Each structure stands twice: as C-alpha cells, then as structure tokens.
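Residues per chain, in single letters:
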Amino acid sequence: MIAAIATPTTTWYLLLGAVLFSIGVIGVMVRRNPLILFMCVELMLNAVNLTFVALARRFGDIGGQSTVFFVMVVAAAEVVVGLGIVVAILRRKPHATTDDMAELKG
Amino acid sequence: MELFVFIVAAAMVLVGAVGVVVRKHPVHAALSLVMTLFGIAVLFVAQEAHFLAAVQVIVYAGAIVVLFLFVIMLLGVDNAEDLHIEPFRVQRPVAAAVGSGLVTIIGLAIIASRKATVPVVTQSQAVQDAALDPHDGNIRALARDVFSDHVLAFELTSVLLVIAVVATVMLARKPKPGELVIIETPVSVK
Amino acid sequence: MLDLVWLIPALPLAGFICILLFGRKLGDPKAGYFATAMVGASFLVTVGVFADMMSKTAEERSHLRTLFQWIPVGSLKVDLALLADPLSITMCLFVTGIGTLIHLYAVGYMHGDSKFSKFFLYLNLFAFSMLMLVLGSNMLVTFLGWEGVGTCSYLLIAFWHQKDSAATAGKKAFITNRVGDWGFMMAMFFAFWAVGSLDYSVINHSLLSTSTATAIALFCFIGACGKSAQLPLYLWLPDAMEGPTPVSALIHAATMVTAGVYLMCRISPVLEIASNYAGWIIAIIGAATAFYAATIAVAQNDIKKVLAYSTVSQLGYMFLAVGSGAYTAALFHMITHAFFKALLFLGAGSVIHGMHHEQDMRRMGALRKLMPITAITFIIGWLAIAGVPPFAGFWSKDEILLFAYDKSPILWFVGLVTALLTAYYMTRQVIMVFYGKARWNDAHEEHGAHGDTEPHESPWMMVTPLMVLAVLSIVGGAINLPFSHTTERLVTWLEPVVVVRESTTAKLPLAIIAIVVGLVGIGLAIIVYAKHRVKAIEPQILADAWGYDRAVSNFMGGPGRQAFDGLAWADGHVVDGAVNGTGALVRSIAGKVRKLQTGNVRTYAAAIGAGVVLLLMWFVVVRGIL
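Residues numbered from 1 in each chain as written. Chains lettered and ligands numbered in written order. Predicted model: local features only at pLDDT ≥ 70, side-chain atom pairs only at ≥ 80, totals over all residues.

A. A look at the overall build of chain A. The number of helices and strands found in chain A is 4 helices and 0 strands. Tracing chain A from N to C terminus, the helices and strands come up as α-α-α-α. The 106 residues of chain A split such that 57% are buried. In chain A, 44% of the contacts between residues at least 6 apart in sequence involve partners at least 24 apart. (Helix = DSSP H or I, 4+ residues; strand = E, 2+ residues; numbered from the N terminus. Buried ≥ 20, exposed ≤ 12 C-beta atoms within 10 Å, placed from the backbone. Contact = placed C-beta atoms within 7 Å.)

Structure follows, in structure tokens:
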C-alpha cells in the first residue's frame, strides 16, 4: 500500500545526492581535524557516485556506472596519498589541526 | 517495497553524514561514515548497480574506512575536538550559507529538469545484450564497457594506483638520520 | 648624370665616415686633403648634374630621386627623397664649390692644431647635412639637414672648447637655433594637418586657405630667423666668431645662414598665397635687421665681428627681398654674398694667421705691403660688398633695392641708408687693417710673440681660394644682369621653381642713386679714418650692440629663471608625485589584498564554496537554467 503511494523516481535520488553533497561541503568548512576533513570529502564523492548511478539507470547508459568505477579507484588512491601526508605531518606535531598548517600565509 | 528501501537507506545516509560532521570523536565520525557508505551501497543495489554496490562495500567501507581507523589509532589523534570554539567568526555563517545555497540551487535545477527528455544512447550490441541477461547482466555490461570503450582509462588508473602507493611510502616513512626530509614542520602547536 | 644626384651628399658622408675611422692615422695634412677631395668630388658631380639639367627643357629639369621609404606610419608617408631642380642644384653648386675652397684653406689655417682631423670630420659632416637640407624633397629631409647643420655649427663654434667663451658661444648658437626650430616644426605640423603630406611638390601646388598658408609661411620664417640670424634671434652669430675662421667663412657666411633664405624661397608659392601682412612682416624685419646690424658694425674693433654683423645685415637684405616677393633677387644676393663674404672672411683669417692670431683691428695697419695677395683680394671683396659696379655685389643689391622700392619707398630708403653704412664700415675696416700706420709693433711687448714678429703672407693653400673667390666676386654679377631678358640668366633658370616677379619701376635712376650712396659711404670713411679730418663716431652703445645681448641675459637670468624653476618644481611634485603616488597606491592596495592569503585551508575552502554558489547562481540567473 505504501508502495502504491509513490515509487522513488530518479529525482529523489538526485535530491538525496545534492543534500549529501552539501553536508559534505559544510563539513569540510567547519571541521578542523584533518582526518574528519577527509571523511567529509568522501561524503562528497559518494554523493557524486550516487548521482551518476541514478542517471545511468535513468538513461540506460552503462557509461555512468563505469564512471563511478573509476571515481572509486581515484578516491582510493587519493585517500592513500592524503593519509600518508597526514601521517607525516602528525608524526611531528601530534595535535595539529588544519589551522596550524598556515606556512603559506602571505 | 522500493519506497521502503529508499527511505531506510536514505535515512542511514543522512544520519551518517550528519554524524560525520558533528561528532567530536574521530572514531565515532568514522563509524558514522561506515553507516553512510553502507546506505549508499543499498541505494546502488536499488538502482541495479550490483557490482558497484559490492565494490562500494569492499573498497570504501572495507578498505578506506579501515585505513582511516588505522591512522587514527596509530597516531593517537583520537582526542576529541572542541567544536564550540571557532577561530574564524565568519566561517560558520559562510558554511551555512554555502551549504544551503548549494542544496537550493542544485535541488531547484533537479526539479526543473524532471521533464527532460531521455537522450538516445546507442551502446554497442554486446553491451546491450549483456544488459538484458538477468543474472549477471550488470557486471557483464559494465565489464564490456570498461574493457572496450574505456580500456585506456583503466590502464591509466592502474598506473595511478602504483604511483599513489609509492608516493605514500616515500612520504610517510621515518627519515633515516641525515636524509632529506620531505615534510618539515618547524612551527610548534599551541 | 641626373640620377647620380644622390652622390652629392653621399661623398661628404663617406668622407665623414672615413675620417671617423682613419682620421687620426691620416693626420695633418692628409686628412684635410682627403676631406677637400671629397667635397671637391661632390662639386664635380654637382657640375655634371647641372650640365645635364641645362641640356633639358625647362619643364624637365625637376628630378625626384627616392632613396628609400623612411617613415610609413598610418597616413604619414615620408620618403628619404632628393629633389634635383634648378633651385636645389644652384644651392648645391655654391655650397660644394665654396665648400671645397674653404676646405683647402682650412688645411693651411688649421695646420699645427692638435685636433686637426676632427675639424675636417665636422666639416664633412656639415657639408653632408647642408646638402641634405637643400636637396630634400620634403620638409622632413630638409629638417634633418637643418638640425644637422645646427649640430655641426655647435661642434665647430665650440671647437676650441677649452676656452670658456667658445664653449658658451657654441651652446648659445644651438639653443637660439632651437627656438627657431620650434617654428619650423610648427610649420611642418600645419602643412601635414592641412595637406596630409610634407612633400614640397604637394604643399606648393595645393589650394591652401589663406590662413593656413600664412601660418606655414610665418612659422617657417621663425625658423629662418633662428637659422639666418635675424632680429630677434640673431644674437648667436656674433658670438659664433669664437670658432676658427674657416668655420665662420663656410657656415656663418656662405652656407648655413642661407638655409633660412633657401627655405623661404622653396615655399615661395605658399608665401604668395599667404595674407599680405606675412610679406610685410618678413620685409620689415629684414630691413630692420639690416639697418640695426649695420649700425653695430660701425663700432666694432674685432676684425671678425665686423664681418659677422655685416653678414647679419646682408641677410636682412635677403629677407627684405623675400618679403617684397623678389625671390630670385634674394637668391642672387645669396650667391654673390657667398662669394664676397667668404672671400672677406678668408681674407680676415689670412690676416689673423699672418698676425699670429691677433684679431683686434686697432693693432693692425699697413699690412698691404706685407700681405699683398690678401690685401688685393680683400679689397676686391670690399668693393663688391660696398656695391661698386661692376663687382658682383652691386648687381644683386641693386635688384633688391629695386623690388624694395616697389614694395614701399620707406623700405627702399632704409635699405639705402644701410648700403651707405655698409660702405662706410667696410671702408673703415680696410683702412684700419691694410692702410695707415703700422700699429702692431706697439702691442708686441704684451703679446709675447713666438720669435717671428713680422706679419707674413699666408701659404699657397690659403691664398689660392682667396684668388678664386676674388675672381668670382668680380664676374659673379654676370649670372643675372638686368639689361635684358637674355642676360637675366638666373631668373630664367629659376623660373619653373620659384615665383618670379617683374618690377615696374625704372631701374636706372635707382641704380645711380645706389652707386652715389655707396661712393659717399666710402668717401666718408676715408675722411674719418684715413685723412683723420673728422673724429670717428663710435658710440659705446653701438659697440655694445644696443645692449640687446645684455637684455636677453637679464631676462633669462631673472624672470626667465623663475619660470623655469617653477616648471622644475611642477615636474618634481606634480608629475613625479603622480608617478610615485601611483606606486604608493598600488603598494597599499597590495598590502590590503595580501591579507586574503591566510594560509589557512578552511578559509580557502570557504572561498571556493562561496565561489561555486555564485557561479551556480550566475548559471541560473543569466543562462536561465531554471
């Protein structure tokens, strides 16, 4: 019966993706811990993945899914390198936050 | 049925996302992230991207979040962050504005394009045939697409992964005495 | 032969470059002979071109030789082109001819000078510039030569620059010339604005409005005043006598100072269609200058200064002719003046050389026995300038007085009085230098002479030019005798190029009056200076040149200097202030903008986020995505 009221259309998925993306953006701007910052970036990437998959289904184009495939690969690589940098920084300054990394101040 | 699945999965996604942003403790944030990722995986299944759902769970939730937790534990940065203080006073209002602006505009764009016509996509016959197969049609179609149309990108991503691994090993290792340090941080923490 | 016209300026230029590279090696006197040979070769080419031109009909005599396109900028197209027509070739003839003679003379005069080859370097450069001036087919090439001769004049006047007075005189010449050059430049601007071209052929034959033509003519006249030493810009010429005498002869008697007259004759068609008052202004200034300078010459004691003021005066005659519309008469007088004035200057140089660089006439006297050739040639020059027939000066001066009478009897009268004064002061000079008692012995105790105290005749290379010029001064009038149309050769030769007028007045009565006046002047001078019957009137004010020089210096030193100081202050504070202020402003803005670089990742993220939202809004609002 509930199913009879409405089936989720593509629009719903896209809207969910948009909301998830915005939450990720807010997170990047607000959090100071570098690791949590990375997690918010992951949120944004996932929102994008969701959008691609929804549209792939809508248009019947498998290309959207292969895009998601590659996005995941690249996201993985990015996380690896990023965490490597974070490790290198935090090893010297154990309680550093992003606010402390301001050497490029003009 | 699909509606129910959608609502549950969406709830997981949103609660997890909000949790990542607001939790003080990094480990809690990581676990919220897991919930989000799992919700996304469910949504992938609902969109008939079965292979991607599997990859999502294995790679994202399995590998990446574990990597996060490893780093958190290794470095002992699991102390809670004080969310009440904010050095830049404008940062939070700007963040709120940006976030709401984004969701508004993108949302409106999405709603406005509901009546958009479906573009005609001609995929190769093999891909179409594979898509029709009910059992592993999705993975067949996806494989056909990746390994024929996008094979160059595929090769390049493999190179990318190698580079990423090598770079990280170089970046993160403890320097031997007298060796050039890649990242130097002379400023002390307050 | 006509296409070889480019060789005429090229040969002195080649001489300049060769002496620049090898002058010191050639030394005294080879560098001098080389320079003379170059100008002499140029003279031969000019004669060839002249002969070629003579064989053609009157219409075919103009030949334009374009060397290359000099300035092709937008609508301004100026070529480096040489125009060989009767007027320019006439000028070239006497420039190169007299130039060669003076080069030869200078080999003897400058013998023993430490900067011997440099002198000839400058002389050749001068020859090149002057030839470019007269051969130019457009105003810009003429201006090139104009500035070139001005520069060479400066370099040569200040040749003995260790002497303060010489260096100052050089600067004075250059700066005063510059004031005149402003006039020339304004004329060029007007011409380009009105006609769109600087070519003489275009300017002279286009329909200019009266006001434009007047403007061009008067601005060119301002330039001519500077270059040809008319009131009020004449004051550099007497001081220019600081230069060596060959320089005075070549530049300040025969060639450079005639550039102004040449320019006015070149644009004679423009002057004809200008307003009436333009011609009146030129004629009045010319007559006034002639009279003014003649009065000063009466009281001068330096042998060269007398000749300098005499030059100013004779140039005044030429402008009187130009103002009266008698261009051929002006050119005729220019040619004869070149002959006898160069002769007089070279003779004076010979006297100075023989007197071991004594220039004060009061210390000379009775030189005609010791320097016979100099004396005879000088006397011939004196007769020519005094206007005694049949010497050259009489014919040309008479032509001018004739046309001056046509213009206005008052101008004619002023010219007549000036002729009397000319005869008077030149006779005075001849008597003081060559006749009377020998006064140079009295001075020699203070002089510290170098052994040989007796004045002597000059060497062959100095005396030969004197003789050649003396012959020319005698027969030079033949080129334009007023008896009939066939004998007026110069007029017919110049007719297609320069506007020609006929005079309506009877020639003979005026000629007789002129002769009488000349003889009266000579007689007066003999009475005063030779017979000593009347005391000489040489008031101090005339010797001081009516105090004009001092007035100019006072003005420049006083209010002039204050004006310049004010300008300097404005430049320092306003102009520099604007420039420095801009720099300071940029710095302060940069200092404020610098604060955007916080170095903090989160502010950058906030900025990126805000930017994304704005970009999306632009898409929505402008492109109408929604």
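B. Spatial organisation of the overall build of chain B. Broken down by element type, chain B carries 7 helices and 0 strands. In chain B, buried positions account for 26% of the 190 residues. In chain B, the share of contacts with a sequence separation of at least 24, taken over all contacts with a separation of at least 6, comes to 45%.

C. The interface of chain A and chain B, seen in detail. Every contact between the two is made by 69 residues of chain A and, on the other side, 77 residues of chain B. Secondary-structure elements contributing two or more residues to the side of chain A that touches chain B are helix 1 (2–5), helix 2 (10–30), helix 3 (34–59) and helix 4 (63–92) of chain A. Sort the elements by how many residues they give to the side of chain A that touches chain B and helix 4 of chain A lands first, with 23 residues.

D. Molecular detail of the nonpolar core. Counting residues in hydrophobic clusters, the biggest one holds 209 residues, and the most contacted among them are Ile216, Ala217, Cys220, Ala330 and Ala342 of chain C. Ranked by the residues each element gives to this core, the list is headed by helix 14 (residues 327–354) of chain C, at 17 residues. Taken domain by domain, the makeup of this core includes at least three residues from each of domain 1 (1–273) and domain 2 (275–446 + 454–543) of chain C. With sequence-adjacent residues up to four places away left out, Cys220 of chain C is seen in contact with Gly183, Phe184, Ala187, Leu263, Met264 and Ile267 of chain C. In this structure, Leu43 and Val68 of chain A, Ala17 of chain B together with Ala606 of chain C belong to the second largest nonpolar core, which totals 78 residues. (Core = buried A, V, L, I, M, F, W, Y, C linked by C-beta atoms within 7 Å. Domains from an automatic or database assignment.)

E. Inspection of the pairing of strand 1 (residues 63–73) of chain C at higher detail. Direction of pairing for strand 1 of chain C relative to strand 2 (residues 76–84) of chain C: antiparallel, over a ladder of 9 bridges. Following the sheet pairing, Thr66 of chain C is matched in strand 2 of chain C by Ala81 of chain C. (Pairing = 2+ DSSP bridges.)

F. Fine view of the interface of chain C and chain B. Facing 11 residues of chain C, the contacting portion of chain B comprises 11 residues. Taken together, the residues of the side of chain C that touches chain B break down into 8 nonpolar, 2 polar and 1 charged. (Nonpolar A, V, L, I, M, F, W, Y, C, P; charged D, E, K, R; others polar.)

G. Seen up close, the packing of helix 15 (residues 372–386) of chain C against helix 17 (residues 409–434) of chain C. All names here are of chain C. Closest axis-to-axis distance for the helix 15/helix 17 pair is 9 Å, and the angle between their directions is 170°. Comparing their axes, helix 17 and helix 15 come out roughly antiparallel. Contacts from Ala375, Phe378, Ile379, Trp382, Ile385 and Ala386 in helix 15 reach Thr422, Ala423, Met426, Val430 and Phe434 in helix 17. Of the residues that constitute the contact of helix 15 with helix 17, the class distribution is 10 nonpolar, 1 polar and no charged. (Axes fitted to C-alpha atoms, helices over the stretch in contact; angles between N-to-C directions. Parallel < 35°, antiparallel > 145°, perpendicular 65-115°, else oblique.)

H. Region of interest: the environment of Phe44 of chain B. With respect to the secondary-structure elements, Phe44 of chain B resides in helix 2 (residues 26–46). With 10 residues separating them along the chain, Phe44 of chain B and Ala54 of chain B place their C-alpha atoms 9.0 Å apart. Setting aside residues no more than four positions away along its own chain, Phe44 of chain B makes contact with Val53 of chain A together with Ala49, Leu52, Ala53 and Gln56 of chain B.

I. Quick peek at unusual backbone geometry. Note the cis peptide between Leu231 of chain C and Pro232 of chain C, where omega equals -5°. Positive phi values are uncommon outside glycine, yet Glu48 of chain B reaches one of about 60°. For Glu48 of chain B, the location among the structural elements is in the loop between helix 2 and helix 3 (50–75).

J. Structural detail: the packing of helix 7 (residues 210–227) of chain C against helix 12 (residues 276–297) of chain C. Residue and element names in this part refer to chain C. Packing of helix 7 against helix 12 leaves a shortest axis separation of 9 Å and a crossing angle of 15°. Looking at the two axes, helix 7 sits roughly parallel to helix 12. As for the relative orientation of helix 7 and helix 12, their crossing is left-handed in sense. Mapping the contact onto sequence places Thr214, Ala217, Leu218 and Phe221 in helix 7 and Ala278, Ile281 and Ile282 in helix 12. Broken down by class, the residue content of the contact of helix 7 with helix 12 amounts to 6 nonpolar, 1 polar and no charged. (Left-handed = near helix turned anticlockwise from the far one by under 90°.)

K. Structural context of the environment of Met467 of chain C. All names here are of chain C. Within the secondary structure, Met467 is located in helix 19 (residues 460–475). For Met467, a count of 15 C-beta atoms within 10 Å corresponds to the partly exposed category. As a C-alpha pair, Met467 and Leu343 span 124 residues in sequence and 8.5 Å in three-dimensional space.

L. Structural detail: the confidence of the model for chain B. Residue and element names in this part refer to chain B. In this model, chain B carries an average pLDDT of 85, and 90% of its residues clear a pLDDT of 70 or more. For chain B, the element scoring lowest by mean pLDDT is helix 5 (residues 125–132), at 70; helix 2 scores highest, at 94. Among the scores for the predicted complex, ipTM is 0.90 and pTM is 0.65. (pLDDT = per-residue confidence, 0-100.)

M. Local environment of helix 21 (residues 507–530) of chain C. Residues and elements named next belong to chain C. For helix 21, built from 24 residues, the straight-helix expectation of 34 Å at 1.5 Å per residue is met to within 8% by its first-to-last C-alpha distance of 34 Å. Its buried side turned inward, helix 21 meets helix 15, helix 16 (392–407) and helix 17. Taken from the residues just after helix 21, His532 is the one with a positive phi, measuring 55°. (Expected span 1.5 Å × (residues − 1).)

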